[in-house]
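# Fold and geometry: a report
Given next are the chains, with one letter for each unit.
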Amino acid sequence: DADWAERLATGLKMVSAFRSHFSSVQQAGVLEVEMPFIVDLHHPETGVVMDEKLVGVIDAVLLEEQRPVVTELKTAAKRYSADQLADIQVSAYAYAAEQLGFTDAALKYVIVTKAKAPVVQEEFLRRDDRDLADMLHTVAGVLKSIDAGVSFPIRSWQCRSCEFQRTCSSKR
């Protein structure tokens, strides 16, 4: 019960920090919330549409200074590092946004920390054609490996909190 009360108190502080942050930020509007998408994937070398689709949900598309901003909301124990901000997920969202017609969209992560005094970290991110090509090469390579029956774990900082850690570790 004490653990539950502590988590509830932390959650309430996080929500309060989030609300305070956004009450001070000028927002011109909200274009989309929890926007599901299914977009074609184009092979990075041939340009041919692959059988598989990129499927996901964009947390929010905001309108800031007359420009759409694809916004991903995160919670984390502490502020994101540069390595965490370089995540391929941002490239996937940039690719999806482009396919959905948001060709000039900005990309932003909003991270609320789970600290005793939560902090809101807001990071505008950039992805260029090379980043999108890299994401498509990664997707094509993973799909090729799956088709070949190859499956191997890729270790990263995210392993510590991954729900598949036990299954993945048992395949060593």
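For the structure, see preceding data.
Before going into details, it helps to say that this report is about the structure given with it.

Definitions and cut-offs
- Residues numbered from 1 in each chain as written.
- Predicted model: local features only at pLDDT ≥ 70, side-chain atom pairs only at ≥ 80, totals over all residues.
- Heavy atoms only, no water.
- Helix = DSSP H or I, 4+ residues; strand = E, 2+ residues; numbered from the N terminus.
- Buried < 20%, exposed > 50% of the residue type's maximum accessible area, 1.4 Å probe, protein only.
- Pairing = 2+ DSSP bridges.
- Axes fitted to C-alpha atoms, helices over the stretch in contact; angles between N-to-C directions.
- Contact = heavy atoms within 4.5 Å.
- Phe/Tyr/Trp six-rings, centres within 6.5 Å; stacked < 30°, edge-to-face > 60°.
- Expected span 1.5 Å × (residues − 1).

## Points about unusual backbone geometry
With a phi close to 50 degrees, Glu34 is a non-glycine residue in the positive phi region. Structurally, the position occupied by Glu34 is in strand E1 (residues 29-42). Classification of Glu34 as partly exposed rests on a relative accessible area of 47%. Located in the positive-phi region is Gln66, a residue other than glycine, with phi close to 65 degrees. Mapping Gln66 onto the fold places it in the loop between strand E2 (49-64) and strand E3 (67-76).

## Overview of the sheet that holds strand E4 (residues 106-113)
Strands pair in a sheet through their backbones, by hydrogen bonds, and they do so in one of two ways: parallel or antiparallel. Taking strand neighbours across the sheet as the criterion, the five strands line up as E1-E2-E3-E4-E5 in an open arrangement whose pairing is mixed. In the strand order of this sheet, the two ends are held by E1 and strand E5 (120-125), each with one partner. This sheet shows a mean twist of 35 degrees between the axes of neighbouring strands, independent of strand direction. Pairing of E4 with E5 involves six bridges; the strand directions are antiparallel. Residue pairing across strands places Leu107 opposite Leu125, the latter belonging to E5. Along the sheet, helix H3 (residues 88-99) makes contact with E1, E2, E3, E4 and E5, crossing E1 at roughly 95 degrees.

## Regarding the packing of aromatic side chains
Inspection of every chain in the model, using the stated rule, returns two aromatic pairs. Look at Phe37 and Tyr93: their rings are 6.3 Å apart centre to centre, the planes differ by 80 degrees, and that puts the pair in the edge-to-face class. In this pair, Phe37 sits in strand E1 while Tyr93 sits in helix H3, placing the two residues 56 residues apart along the sequence. Given the relative accessible area of 4%, Phe37 is considered buried. Residues Tyr80 and Tyr109 carry aromatic rings whose centres are separated by 6.0 Å and whose planes lie at 80 degrees to one another, so their mutual orientation is edge-to-face.

## Let's talk about H3
An ideal rise of 1.5 Å per residue puts 16 Å on 12 residues; H3 measures up with 17 Å between its terminal C-alpha atoms. Two residues or fewer past H3, Gly101 is found with a positive phi of approximately 100 degrees.

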